[in-house]
Amino acid sequence: MEILRGKGASGGIVSGVMRFYKREGLDVQKRTVEDRAKEKERFGRARELAGAQLSELMESTAQKLGKENAQLFEMHQMMLEDADFLDITEDLITNGGFNAEYAVQEASKQLVQILTDSGDDYMMERAADVKDVTRRVTSILLGKSSGVGQLDEPSVLASNDFAPSETAEFEPGKVLALLTSGGALNSHTAIFARTMGIPAVIGLGAGLDEKLDGMSVVVDGSAGTVIVNPDGGTLEEYLRRRSEEDAKKEKLKALIGLENKTLDGVTVEVCANIGGVDDADLAVRNDACGIGLFRSEFLFLQNSSAPDEESQFKAYKDVAEKMGGKRVVVRTLDIGADKQVDYLNLDKEENPALGLRAIRICLNRPDLFKIQLRAIYRASAFGKLAIMFPMIASLWEVKKAKEIAASVRRELIAEGVKFDETVEIGIMIETPAAVMISDLLAAEVDFFSVGTNDLTQYTLAVDRQNEKLERFFAADHPALLRMLKIAADSIHRNGGWIGICGELAANTALTVTFMAIGIDELSVAPNQVLPLRETIRGLQVSSLKPEILDSLKGLW
Ligand code: PEP
Ligand code: MG
């Protein structure tokens with residue numbers, strides 16, 4: 001038994017087998033082969049083995065998660081027999097004389113291209129399956145296991161760190177917990193884990209060694225500990241603690257349907273942050289008042305090309321419908337900094353957090369921006385959507401973004417397309433500049449939502465991705481709390497509302513302060529909604545308000 005200690009990034013206790021995420025494993029070399037027939041046989045054997053793996057996977061998934069979830073693997077099996085896949089690969093081997101792994105990779109590229117070029121939603125979804133299946137065959141040919149797609153059972157996934165584009169690919173139910181040797185608590189990987197309710201321990205250092213691959217572990221995401229090869233007594237103790245946690249969660253369910261109201265009658269909306277359509281189910285299950293932040297960029301991170309209007313429309317419509325008329329705030333594309341996609345061909349930057357990101361990309365690429373806005377407006381006919389622009393620093397950016405939104409609305413009217421004409425437009429308060437001109441910005445929009453993760457980074461000049469700076473990253477710094485008050489007063493003077501959707505919103509020690517400041521909405525990970533409701537229902541705000549505001553002693 002060995003105990004690894006790191007930082008708890010997302011709570012929960014799980015036990016399972018640890019697997020290392022292999023991203024470097026599929027380094028395919030282009031070679032010519034002497035014996036083409038033998039190479040073709042090698043390809044045939046790899047396909048057979050892949051088919052056998054998929055059968056096993058299908059069976060175990062059907063048992064654990066039901067038949068519907070297992071269907072994907074049946075489709076993958078069919079792809080192994082796909083005539084185009086076989087023709088292209090075998091032609092490259094037999095007529096080109098190339099090695100099987102190169103031939104499979106080339107066939108994969110060609111098929112993915114055809115599917116993504118089709119512009120059809122269904123076909124485009126299949127491109128991801130082609131990649132998954134061909135990755136499986138390639139890794140068998142290379143004698144390696146790789147990536148999440150290759151997890152043959154739900155596992156605890158370990159790596160030095162995960163890029164947001166990698167976490168975006170995780171299938172719910174496959175990843176039991178995330179472990180990283182590096183990583184920062186405010187990184188998008190940690191945020192992703194909290195949103196999905198996946199336990200996570202980060203900063204485990206060199207102790208998280210690949211030699212632990214395949215070992216059984218117990219992960220305590222709150223304490224930040226990982227027990228490798230737990231003995232019987234330890235395992236029992238953790239299982240007992242997990243039952244306690246489950247019982248606590250069960251008890252919180254009694255709060256479903258109740259108001260987020262303090263003992264003295266002050267209310268605040270408690271909404272959920274999501275990264276994808278499936279997360280909306282978690283929001284519903286946890287009785288969120290709505291979606292305070294839909295990180296739409298995760299739709300972009302999951303794909304090998306920018307999602308088109310139809311696929312975005314479907315995603316926004318699905319979430320709007322799932323939320324059944326409750327407000328869903330869709331944040332427009334917030335790509336850049338740590339969230340990178342190759343297909344936008346953005347230059348490498350010295351200071352990406354200060355670089356071309358979020359609204360700046362959208363204003364430079366109105367083509368991309370308009371597609372997203374059209375999709376959101378069209379989906380607004382199916383629920384209650386709001387639009388939010390990220391990373392605003394100047395008034396002209398908001399005016400320009402609104403102008404583009406207005407042109408999209410005009411287009412839709414001309415085309416006779418139905419949409420909700422009352423869709424609210426808001427901005428994220430993530431830069432000190434936005435706070436200092438919040439009076440001017442408030443006149444332009446319906447709401448503010450404070451992104452405390454970035455606002456802390458830019459106010460305290462602390463890189464949120466740098467794990468060595470965590471003690472300096474104080475999102476509850478008085479500078480931040482004063483900023484909240486300045487922004488809240490500005491938007492309230494203009495009749496709008498203000499939320500907090502950064503991680504600070506879940507800090508229950510500050511809930512009373514947020515309410516005294518006048519914050520109207522707190523948006524947190526889905527499984528933090530009910531704990532926050534519990535806190536709110538035990539608070540007295542009015543009597544503490546003068547003292548709290550006095551302690552902030554702002555400039556207002
Ligand atoms: C924030 O910056 O606080 C925020 C909510 O946005 P993100 O974490 O996605 O940058
Ligand atoms: Mg942000």
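That block above? That's the structure.
Every value quoted in this text rests on a predicted model; they were computed, and no experiment measured them. (Residues numbered from 1 in each chain as written. Chains lettered and ligands numbered in written order. Predicted model: local features only at pLDDT ≥ 70, side-chain atom pairs only at ≥ 80, totals over all residues. Heavy atoms only, no water.)

Student: Mind showing me how you'd approach a negative patch on the surface here?
Tutor: A contiguous patch of negative charge, built from D82, D84, D87 and D91, is present on the exposed surface. In this structure, D84 sits in helix α3 (residues 83–94). (Patch = residues over 30% accessible without salt bridge, like charges linked within 9 Å, V, L, I, M, F, W, Y side chains within 5 Å. Areas by Shrake-Rupley, 256 points an atom, 1.4 Å probe, with all protein chains shown as cover. Salt bridge = Lys/Arg side-chain N within 4 Å of Asp/Glu carboxyl O. Lys, Arg positive; Asp, Glu negative; His and termini not counted. Charge placed at Lys NZ, Arg CZ, Asp CG, Glu CD. Helix = DSSP H or I, 4+ residues; strand = E, 2+ residues; numbered from the N terminus.)

Student: When you look at the coordination of the magnesium ion (ligand 2) in this model, what are you seeing that I'm missing?
Tutor: As a benchmark, a tetrahedral metal site with four donors has ideal angles of 109.5 degrees, while an octahedral site with six donors has ideal angles of 90 or 180 degrees. Coordination sphere of the magnesium ion (ligand 2), protein contribution only: E430 (OE) and D454 (OD), at 2.0 to 2.1 Å. In this pair, E430 sits in the loop between β13 (424–429) and α15 (432–436) while D454 sits in helix α17 (residues 452–460), placing the two residues 24 residues apart along the sequence. Residue E430 is classed as buried on the basis of its relative accessible area, which comes to 2%. Overall, D454 belongs to the buried group, its relative accessible area being 2%. (Donors = N, O, S within 2.8 Å, 3.2 Å for Na, K, Ca; no water. Buried < 20%, exposed > 50% of the residue type's maximum accessible area, 1.4 Å probe, protein only.)

Student: Hey, could you run me through the packing of aromatic side chains in this one?
Tutor: Two aromatic rings, taken as a pair, are described by how far apart their centres are and by the angle between their planes. The tally for this structure, following the rule as stated, stands at 9 aromatic pairs. Considering the side-chain rings of F313 and F382, the 5.9 Å spacing of their centres and the 70° angle between planes classify their relative orientation as edge-to-face. Here F382 lies in the loop between α13 (366–379) and β12 (384–389) and F313 lies in helix α11 (residues 309–322), a separation of 69 residues in the sequence. Here Y377 and F419 contribute two aromatic rings whose centre-to-centre distance is 5.5 Å and whose plane-to-plane angle is 70°, an arrangement assigned as edge-to-face. (Phe/Tyr/Trp six-rings, centres within 6.5 Å; stacked < 30°, edge-to-face > 60°.)

Student: Sorry if this is basic, but what is going on with the nonpolar core here?
Tutor: In globular proteins that are soluble, nonpolar side chains generally tend to be buried together. Within the largest apolar cluster, 105 residues are counted, with the highest numbers of intra-cluster contacts made by F389 and F448. Each residue touching F389, except ones within four places of it in the same chain, is listed here: T332, I359, F369, L373, A401, K402, I425, G426, I427 and M428. Counting 30 residues, the second largest nonpolar core, distinct from the first, contains I93, F98, L111 and L141. (Core = buried A, V, L, I, M, F, W, Y, C linked by side-chain atoms within 4.5 Å. Contact = heavy atoms within 4.5 Å.)

Student: How do you make sense of the sheet that holds strand β15 (residues 497–500) when you look at a structure like this?
Tutor: Spatially, 8 strands are ordered β9-β10-β11-β12-β13-β14-β15-β16 in a closed barrel, and the strand pairing comes out parallel. Going across the sheet, the axis of each strand differs from the next one's by a mean of 30°, ignoring polarity. Sheet topology note: the β13/strand β14 (residues 447–450) ladder contains 4 bridges and is parallel. By the bridge assignment, M428 is partnered in β14 with S449. Packed onto the sheet, helix α14 (residues 395–415) meets β12 and β13 and runs at close to 150° relative to β13. (Pairing = 2+ DSSP bridges. Axes fitted to C-alpha atoms, helices over the stretch in contact; angles between N-to-C directions.)

Student: What am I meant to see in the packing of α3 against helix α4 (residues 100–117) here?
Tutor: Packed helix pairs are specified by the crossing angle of their axes together with the interaxial distance, meaning the distance between the axes. The contact between α3 and α4 brings their axes to 8 Å, and the two run at 140°. Here α4 runs oblique to α3, going by the angle between their axes. For the pair α3 and α4, the sense of crossing is right-handed. Contact with α3, carried on its side by D84, F85, I88, T89, L92 and I93, involves A100, A103, V104, E106, A107, Q110 and L111 of α4 and no other residues of that element. For the contact of α3 with α4, the per-class residue count stands at 9 nonpolar, 2 polar and 2 charged. (Parallel < 35°, antiparallel > 145°, perpendicular 65-115°, else oblique. Left-handed = near helix turned anticlockwise from the far one by under 90°. Nonpolar A, V, L, I, M, F, W, Y, C, P; charged D, E, K, R; others polar.)

Student: How do you make sense of the pairing of β15 when you look at a structure like this?
Tutor: Successive side chains on a regular strand alternate, one facing one side of the sheet and the next facing the other. What you see with β15 is no split at all: W497 and G499 on one side and I498 and I500 on the other are buried throughout. Two strands pair when backbone bridges link them, and β15 and strand β16 (residues 521–524) are joined in this way by 2 bridges, in the parallel orientation. Bridged to I500 within β16 is L522. Taken together, β15, helix α19 (residues 511–517) and β16 constitute a β-α-β crossover, and its handedness is right-handed. (Right-handed = clockwise from strand over helix to strand, strands pointing away.)

Student: So what exactly am I meant to see when it comes to the environment of F300 here?
Tutor: Its place among the elements puts F300 in helix α10 (residues 297–301). On the basis of relative accessibility, which here comes to 2%, the residue F300 falls in the buried class. Separated by 12 residues in the primary sequence, F300 and Q312 place their C-alpha atoms 9.3 Å from one another. Beyond its immediate chain neighbours, meaning those up to four positions away, F300 contacts A306, P307, Q312, L333, I335, V341, Y343 and Q372.

Student: What am I meant to see in the pattern of salt bridges here?
Tutor: Per the counting criterion, the structure on display carries 38 salt bridges. Between K370 and E411 there is a salt bridge; the shortest N-O distance is 3.3 Å. In this pair, K370 sits in helix α13 while E411 sits in helix α14, placing the two residues 41 residues apart along the sequence. With a relative accessible area of 28%, K370 lands in the partly exposed category. On the basis of relative accessibility, which here comes to 28%, the residue E411 falls in the partly exposed class. Salt-bridge contacts for D489 lead to K485; the nearest nitrogen and oxygen are separated by 2.6 Å.

Student: When you look at α4 in this model, what are you seeing that I'm missing?
Tutor: Every α-helix winds through 3.6 residues per turn, so residues three or four apart in the chain are directed the same way. Over its 18 residues, α4 extends 26 Å from the first C-alpha to the last, a length consistent with the 26 Å expected when each residue adds 1.5 Å. Listing the buried residues of α4 in full gives A100, E101, Y102, A103, V104, E106, A107, S108, L111, V112, L115 and T116. Immediately beyond the C-terminal end of α4, within one or two residues, lies G119, with a positive phi of roughly 75°. (Expected span 1.5 Å × (residues − 1).)

Student: When you look at the site of ligand 1 in this model, what are you seeing that I'm missing?
Tutor: Taken together, 16 residues sit near ligand 1, with R295, R331, G451, N453 and R464 positioned nearest. At 3.4 Å from an oxygen atom of ligand 1 is found a side-chain nitrogen or oxygen belonging to K339. With respect to ligand 1, the backbone of N453 contributes an N or O atom lying 2.8 Å from an oxygen atom. Considering ligand 1 on its own, with 290 Å² of exposed area, one finds that the protein chains cover 100% of that surface. When atoms are counted within 2 Å of each cavity's grid points, the one that captures over half of ligand 1 is the largest cavity. Looking at the shell around ligand 1, the elements that each hand over two or more residues are α7 (188–196), β10 (291–295) and α17. Among the elements that line the shell around ligand 1, the one with the most residues is α17, at 3 residues. (Near = heavy atom within 4 Å. Polar contact = N/O pair within 3.5 Å; in protein donor to acceptor, adjacent residues only side chain to side chain. 1 Å grid on protein atoms, 1.4 Å probe; cavity = no way out; pocket = protein on both sides within 12 Å on 5 of 7 lines; lining within 4 Å. Sits in = over half its atoms within 2 Å of the grid points.)

Student: In this structure, what is going on with the pairing of strand β8 (residues 225–228)? I would like to understand it.
Tutor: Alternating residues of β8 divide into T225 and I227 and V226 and V228, and every residue in both groups is buried. Bridging between strand β1 (residues 2–5) and β8 involves 4 bridges; their strand directions are antiparallel. Within β8, the residue paired with I3 across the bridge is I227. Pairing of strand β7 (residues 216–220) with β8, which is carried by 4 bridges, proceeds in the antiparallel orientation. The residue of β8 that forms the bridge with D220 is T225. Hairpin connection of β7 to β8: 4 residues between the antiparallel strands, including G224 at a positive phi of 75°.

Any functional reading would require information that these geometric values do not contain.
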